[in-house]
Structure formats: C-alpha cells, structure tokens
Amino acid sequence: MRLLPCGDAALLVEVDDLRSVLALAAAIRADRDGGGLADVVDVVPAARTVLLRCRPGPGVLAGVADRLRGLETAEHDAEEGPQVEVEVTYDGPDLEDVARISGLGADEVVRLHTDAEWTVAFTGFLPGFGYLVGGDERLVMPRREEPRTKVPAGSVGLAGEFTGAYPRESPGGWQLIGRTEETLWDPERDPPALLAPGTRVRFVRVGP
Amino acid sequence: MSGEALQIEEAGSLTTTQDLGRAGYAWLGVPRSGALDPGALTLANRLVGNPEDATALEVTLGGLRFVARRALELAITGAPVPVTVDGRAAGLGCAVHVAAGSTVALGTPRVGVRSYVALRGGIDVPRVLGSASTDLLAGIGTPLGPGDRIHLGAVPDAGIPALDQAPVATPSADDLVLHVVLGPRDDWFTEASLEELASAAWEVDSRSNRVGVRLTGPVLEQRQRRELPSEGTIPGSIQVPHNGQPVLFLADHPVTGGYPVIAVVTTGDLGLVAQARPGQRLRFRPVSAPLPAERPDREPVHR
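Note that the coordinates shown come from a computational prediction; the quantities given were computed from them, not determined experimentally.

## Topic: the confidence of the model for chain B
Residue and element names in this part refer to chain B.
Okay, step 1: Mean pLDDT over chain B stands at 92; residues scoring 70 or higher make up 95%.
Okay, step 2: In the predicted structure, residues 297-303 sits below a pLDDT of 50 and forms 3 contacts with residues beyond four places in sequence or in another chain.
Okay, step 3: This prediction of the complex comes with two scores: 0.90 for pTM and 0.90 for ipTM.

Listed below in structure tokens is the structure:
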C-alpha cells in the first residue's frame, strides 16, 4: 500500500492489483460504517487505486493515513459483497464479432458469460456503470474500432477484461453482446446502483 | 410562503440550479457537482438569510432575465454583472427587494464567469441523491431555459442581515495564481515539464465548462509513454492527456480518469478557477504536500 498525494484534502492509495483494491475498499467502507475514518467523504475504487476524499482541515490527512496503515484488509475479500442476478437477452449487435474474435462461437460466449461469477470492481464513466471482473480470459475483448454514438440503456457489453451494462443511453465503445431490462440506476434506491462496487453478479440467459 | 416565484425569460448561455453538491456517491460514479464558486454561493445565501447551502442559480457569463411572480428578496454575487430591476440599476453583494411583476435582468460580467442569484427561501427543486445541483456530465438535472418556472422554499427563520453591502473581492482579470500540490502522478513527467508547470502562464481555452478548464501552454511530456489504469480524480485535478495540454477538473468532472494527474489545485483556490475566463492565464505555485509521497523506490521497509 503506497499513499500518494492528491491535493490538500484527498489521498490516492495505490495497491498491487484489483483484488487488493476490492479488499481495501471493503475494509475502508466497513471501518467508516463502524465510526472510524469519519473524515473520509468519498471512496473511489479503481483498477489499482482507492481514492479517499476527505473533509478539508489541518491534520485530517495525517489521521486518515495512520488509520489506513492499521487497517486489516485480509479479512475483507470479495466474497462478502451482496449477490445479484441480472437477466440478459443475448442478442447484442456485436455478439457475432465477439464469437469470431474469440473463436468460440456465440453459444460458447454466452455460456462463459453466464457461468462466471463476476464482481463489480469499480464504477465510472456514467453513474452506476460498473466494471465487472472475474470472467473467463477468453472473453477479454478489444473495444470496438469505431465507438457508437448511441448505445441503448440496458446494453450488456465486453471491453478488455471487463463486462458491464449501460445504465442509460450514451456513446460507447464496448462490444455489445446482449441487453437487460433491469433497472441499473435508480436515485431513489439505496444504493442507487444495482452494480455497486463489491457486488457479485451472475448473468442469467432469458433469450434468445 | 412557497409557490411559483419567478418565470425565466432568457437563461443566457447556461443557468443551472446549484447547492454545495452531493458527497458520498463518487464510488457509484457520481461526482460531487455543486456551485463552482462555493464562496460566492454561500455569501449570496447569507445575504438573504438563507442557510449557506440553500439552492441558488448559477449563471454563466450573465444573460439571465426573469419576471418576479411575487415580491422577492434576492442577492447576486460572484462575477460582477450589471443588474437591472425594471430597467433601474440594482446592487451586487446586497439584498435587493423586487416587487411582484418586475423584470430582473443580468447583463454580461466585466470579469469572471459565474454569478450566483440567491432567493430568500431558497429554490425548491427535487433533490437527487441529497442535492439540487445540476450535473451536466452525470446527466442529473437539466439547465434552465425560457419559460421555466421556479418555486421557492419556506422563508427561513433568520432575517436579512443588516448590512448595506458585503465586502467581496471582485474576480481578477489578471493572471491567477493557484496553489497546487504536485502528484499523484508527477513522477510520470519529465523534470522539464514539472518546471514548465510551475513557471508557464497557462491560457484558459474557450472549450471550458463545468466539467473542466482546458489549458494551453507548453507541452507537458511524460518520461515514457505509458497507459494508466483508470483512477479516481477530484475537482482541482490537473490531468494531462497524451497531447500534453492539461485539463483542470471542476465540479462535474469524471469520477475516474485514464490519464495521469500531474498536480491538484488546493481546495481554497477552486473558486478562483471557476471565475477564470477564456483567454485569462493561470499560474501554478506548488506547495508542499500535506503528507510526503510514498514511492516504491523510497518506501521505508519498516514503519
């Protein structure tokens, strides 16, 4: 764990890999829920880092850093997150491309996608857009050469080692393999994101 | 005393509702958002007896015109705009009484970018995730336009403070000096580029908005071209894309970014950035980090 400066009211914690990110973010949230790290306003896990945005104030960052160094992250492994099932109709416009690039065929792509237990590593890009990891390495996909200007809400795609689903219509470059009817983002829900960091996800084929 | 209070006739280039933003949702991809010049927002609210974080209008480069549907008390702060009520000049940085039926018009500010219009009672709009702030990048809320009607909340207990005019510093048209903490990725850049960052005058590009301020100046070069796995950013982060021309993130910034952040503007100086006009120049003055950076090559073995 390396602490990097990020202005006068935040810290960027760098760790070795995504697994450590998940464990550290879970440990931070648990500690904050328990009353520790009360000065931490926002926790942003990403691929190799966890950003902590804190209340501005003298000595705050030093206190947070001390507390961080004492955190026991080992017990917070990814298996602790909530579990959700996401129903998908696998008729995405890029399914054939993915089948061709992977050399697997469309049915095998769907089987690998639904067999895996995915974990939401982090969000970004759009509110509630989760980056899910844990898939078979044969599903690692390049982004589309030409990003789409409009990807419909609910589209399920692959990019790099990640899978994800678009909470609303937006431009996007992911390879679209299907679509879901789930409400991925609802500001009235707690948490608003269905696919919040730490959540474990299984995709269920409902068609075609 | 709530209900429809005013109707917008012209909204200028961009008028949005803002408060102090929504904290705690960055982990779900939602940035803080909120007033770009929080000091100006809180002052405007205090001048009409509102809580500091009440919802007000953020007006970009003036141009707002509205009709009062009933008597209003308002205060305007931030970028100094000429204000008229039914054609008669009204003051800035003070409470202004507006009679029912009157038209309030904001001209173009001499300096600065964002003016704030606080209305006694605060603007009553639906809150999303605890805030009425309009976030253009996250798609929360929409900018106001002609015909939009605004409702106010209950009149606060606090009265209107007895003062003629708040002593406020007018935004400067000169070069702005901003304090920055180097990092988290300053070590990705050449020594020469780090010197350029601290010595050059960085011009604000016209393609700047609530997401960020684009800067033009010397090309900041990485020691070697590497891909950065996406990582969290905050308002004030100076991100450097491959073209070497930095982008200074503001309130509606992307929560994660894939380009290295060379330095971060300190919290207290962000309001200055909000008022920097296209063509104006920024200078960065590095200050020491609140905590020393821990680099792999000098990380102590034992702590």
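## Quick word on the interface of chain A and chain B
Okay, step 1: If you look at the interface, chain A gives 41 residues, while chain B gives 35 residues.
Okay, step 2: Put simply, the parts of the chain that give the side of chain A that touches chain B at least two residues each are β1 (2-5), β2 (10-14), β3 (40-45), β4 (49-54), α2 (60-69), β6 (118-124) and β7 (126-133) of chain A.
Okay, step 3: The greatest single-element share of the side of chain A that touches chain B, amounting to 5 residues, is contributed by β3(A).
Okay, step 4: Looking at the side of chain A that touches chain B residue by residue, the classes come out as 29 nonpolar, 5 polar and 7 charged.

## Section: the sheet that holds strand β3 (residues 56-60) of chain B
Residues and elements named next belong to chain B.
Okay, step 1: Here we have 5 strands laid out as an open sheet, ordered β2-β3-β10-β5-β8, and antiparallel in their pairing. With partners counted over all chains shown, the strands left at the sheet margins are β2 (14-18) and β8 (96-98), one partner each. Averaged over all neighbouring strand pairs, the angle between strand axes comes to 30°, with direction disregarded.
Okay, step 2: Here β3 runs beside strand β10 (residues 114-119); their pairing, made up of 4 bridges, is antiparallel. Across the sheet, residue T60 finds its bridge partner in β10, namely R114.

## Quick word on the sheet that holds strand β16 (residues 237-239) of chain B
All names here are of chain B.
Okay, step 1: Around the barrel, 7 strands lie side by side as β12-β19-β16-β17-β14-β13-β20; this closed barrel has mixed pairing. Going from strand to strand, the sheet's axes swing by 40° on average, the running direction of each strand aside.
Okay, step 2: Both strand β12 (residues 176-182) and strand β20 (residues 281-287) contribute to a ladder of 6 bridges, which runs parallel. Within β20, the residue paired with V181 across the bridge is V287.
Okay, step 3: On top of the sheet, helix α2 (residues 191-199) reaches β19 (261-265) and β20; it is set at about 115° to β20, its chief contact.

## Let's talk about unusual backbone geometry
Okay, step 1: Geometrically, the link from G207(A) to P208(A) is a cis peptide bond, its omega value of -10° lying close to zero.
Okay, step 2: Among the structural elements, P208(A) can be located in the segment after β13 (200-207).
Okay, step 3: Omega for the peptide link from G183(B) to P184(B) comes to 10°, which places this bond in the cis form.
Okay, step 4: With respect to the helices, strands and loops of the structure, P184(B) is situated in the loop between β12 and α2.
Okay, step 5: A positive phi angle, close to 50°, is found at D86(B), a residue other than glycine.
Okay, step 6: One can find D86(B) in the loop between β6 (83-85) and β7 (88-90).
Okay, step 7: Residues other than glycine seldom take positive phi values, yet L129(B) does so here, at roughly 50°.
Okay, step 8: Here L129(B) falls in the buried class, since 21 other C-beta atoms lie within 10 Å of it.

## Some remarks on the environment of H113(A)
All names here are of chain A.
Okay, step 1: Within the secondary structure layout, H113 lies in helix α4 (residues 106-115).
Okay, step 2: Each C-alpha atom, one on H113 and one on P171, is 23 Å from the other, the two residues being 58 residues apart in sequence.
Okay, step 3: Those residues within four positions of H113 in sequence are excluded, and the remaining contacts are G135, L139, T163, I177 and F203.

Definitions and cut-offs
- Residues numbered from 1 in each chain as written.
- Chains lettered and ligands numbered in written order.
- Predicted model: local features only at pLDDT ≥ 70, side-chain atom pairs only at ≥ 80, totals over all residues.
- pLDDT = per-residue confidence, 0-100.
- Contact = placed C-beta atoms within 7 Å.
- Helix = DSSP H or I, 4+ residues; strand = E, 2+ residues; numbered from the N terminus.
- Nonpolar A, V, L, I, M, F, W, Y, C, P; charged D, E, K, R; others polar.
- Pairing = 2+ DSSP bridges.
- Axes fitted to C-alpha atoms, helices over the stretch in contact; angles between N-to-C directions.
- Buried ≥ 20, exposed ≤ 12 C-beta atoms within 10 Å, placed from the backbone.

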